[in-house]
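Breakdown of the fold
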Amino acid sequence: MLIVLLACISVAVATPASEYSGRKRYDNYRLISVQPENEQQLKVLGDFQTKGYDSVFFDFWADPTLKRPAEFTVSPSQYEKVMQYLRDNNMTPTVEVDDIQMFENIAEFEAKVQPELFFNNIVDHSQYHRYDQISEYLTGFANNFGSIARKRSMSQTTYGRRTMDYLEISTNGFAGTRRAILIEAGIHAREWISPAAILYITDRLLASYTTDSEAAYMLNSFDWIIIPVTNPDGYEYSHTDDRYWRKNRHYRGGNCRGVDLNRNFDARWGTTGVSSSCSSDIYPGSAAMSEIEAQNVQDLVADIQNGGTRLIGYLAVHSYSQMILLPYSHTFGSRPPNYQNLDNYGISAGNALYNVHGRRFQVGTGPELLYAASGGSDDWAIMGGSVKYAYTYELRPATASAGGFVLPASQIVPSGEELFASFYNLAISLYNDS
Ligand SMILES: [Zn+2]
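Under an unreviewed UniProt entry, the name given to the protein is Peptidase M14 domain-containing protein, and the source organism is Patella caerulea. What the UniProt record of the protein gives under Cofactor (unreviewed entry) is the line "Zn(2+)".

Given below as C-alpha cells:
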C-alpha cells in the first residue's frame, strides 16, 4: 500500500500534465503545410484563414504568404474536406505533422527526466509555471533584491480578475531618470517559452549583478521593466483547457471569446493581417486599444515616459520561428526613420545569440520575413509610445515540425541563455546610441 502511494505521488509531482486532465486533446489533429504559388492562391488561403471554411476557423501556426508555406491544424473530421478544398484550388497541401498531440507527450516526458535547475534558489527553470507561481517568483525577487527590484501591478485587473504583475529593476534608486528598456513577454497565451525565458533572464540579472560583468552592465546602464505574462487569463487557459489558445479571454457574447492582443494596439489597427470574425485567432478587437491588457501596457509606457523619451527599448518576446523582427510590421516597405540602426543592432544581437548555442535567428521586418500584420505592440511602441527601438523576438524552435509552440522544458535554460546574450548585445548598442 505504501509503495503504491509513493508511486502515485512521484507521478503526480513529476508529471505536471496529470493535473490538467481536462485540457483539450489534439489526438490525430494534423498540421497541414501549403505553399501558395501566386496571388490568387494567396487570396484563397487568406480568406480561408480570416473567414473560415464551412463555418470552421482554423488555427494558423504560420500565416499565408508567398515567402514560406502556410501552416494550420485540422481535426480528423475536417481533414479530408479541407485537403480536397485546397486541391480544388490547385494547391498541393502536405501533412507536416500527423498528430500534434505527440508534441505535448514528448514535452511531458522530457520534463519528467530533467533534473530541477536552480539558478538562484528562487526560480525552478526546469519546468513551465502557472501564472500564480510566476507572480510569486516576482515577489521572491523583490524580497531578495529589494534595493534594486520591486514588484508592481498594472492599473487594471484583467477580465478574469487577475492582476497583471511586473518587475521594475533599477540600480539607480528608482529615480526615474535613467533610460529604460521594457520586456513584454507572454502576450500570446500558448507561447510558453516566452515567460519562461524571461524568468531566466530576470533571475540571472538579479542573481549575478554583483559577480557578472554583463549583468552589471545591463543593470547599470538601464532601468528594466519586465512583464513576464502580458496575457495572464489566456496563459492560464492554455494550461487548464487548451494548450493552443492564443488570445485573451474577453467574452463578448455568442461565440466571441478572446481578442488577439498583438493585433489590438493602436498602430494602423485593423488594416492588415486581421480577421473581422470574432471567432478567428487574429481578431483584433472591436476598436484599437479596446482590451484591458493593451490599455495597461499603454498606461505603463506613458507612465515610464512621463512626457519624455526615457523608454528607449521595447522588447516583445514570442515564439516560434527563430527570428528577430524589426518595425514596421503593419505595411510592407514602411520603416521608422532610424531603420538603419534598428537593422544593424538587430543583426548584431542575432549574431550574439547565435554564438551561444549555434541557433540562427533571421533578422528583418515582419512583412519581409513573414507577412504584414497591424495593431502590434512593437509598431505601437514606436508610433504611439515614443520608444526609439522596438524588437519582436520569435524564440525556439525554428519550425512546426520541431514542436512549434510546445518546446520541451529542457530547452528553457538554453533558450534563456542565448536570449540573455542577445539582450546584452542590444543593451550595448542602445547605450551607445546617440
Ligand atoms: Zn506570438
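1. Quick word on helix 10 (residues 339–357)
Taking 1.5 Å per residue, 19 residues should reach 27 Å; helix 10 reaches 28 Å between its end C-alpha atoms and fits that length. Considered for burial, the residues of helix 10 that qualify are Y339, L342, D343, Y345, G346, A349, G350, A352 and L353. At the exit of helix 10 stands G358, carrying a positive phi of roughly 75°.

2. Topic: the coordination of the zinc ion
For the zinc ion, the full set of protein donor atoms is H188 (ND1), E191 (OE), E191 (OE) and H318 (ND1), and the range of their distances to it is 2.1 to 2.4 Å. Given four donor atoms and angles of 57 to 147° at the metal, the environment of the zinc ion is assigned as irregular. Within one chain, the residues serving as donors to the zinc ion are arranged as H-x2-E-x126-H. Linking E191 in the loop between strand 7 (180–185) and helix 6 (193–207) with H318 in strand 9 (residues 311–319), this pair joins segments that are 127 residues apart in sequence. For the residue pair E191 and H318, the accessibility class agrees, reading buried in each case.

3. Describing the UniProt feature "domain: Peptidase M14" (unreviewed entry) in the protein
Residues annotated in UniProt with the feature "domain: Peptidase M14" (unreviewed entry) correspond here to residues 127–430. Between the end C-alpha atoms of residues 127–430 the distance is 32 Å, and the span holds 36% helix and 15% strand.

4. Overview of the packing of aromatic side chains
Evaluated as defined, the whole model comprises 25 aromatic pairs. Here Y345 and Y389 contribute two aromatic rings whose centre-to-centre distance is 5.2 Å and whose plane-to-plane angle is 35°, an arrangement assigned as tilted. Here Y345 is found in helix 10, whereas its partner Y389 is found in strand 12 (residues 389–395), with 44 residues between them in sequence. The class of Y345 is buried, set by a relative accessible area of 12%. Accessibility expressed as a relative area gives 0% for Y389, which makes it buried. Look at Y393 and F423: their rings are 5.3 Å apart centre to centre, the planes differ by 85°, and that puts the pair in the edge-to-face class.

Definitions and cut-offs
Residues numbered from 1 in each chain as written. Predicted model: local features only at pLDDT ≥ 70, side-chain atom pairs only at ≥ 80, totals over all residues. Heavy atoms only, no water. UniProt positions renumbered as here; feature names shortened; annotations may be inferred. Helix = DSSP H or I, 4+ residues; strand = E, 2+ residues; numbered from the N terminus. Expected span 1.5 Å × (residues − 1). Buried < 20%, exposed > 50% of the residue type's maximum accessible area, 1.4 Å probe, protein only. Donors = N, O, S within 2.8 Å, 3.2 Å for Na, K, Ca; no water. Tetrahedral: all angles 85-135°; square planar, octahedral: opposite > 155°, others 65-115°. Phe/Tyr/Trp six-rings, centres within 6.5 Å; stacked < 30°, edge-to-face > 60°.

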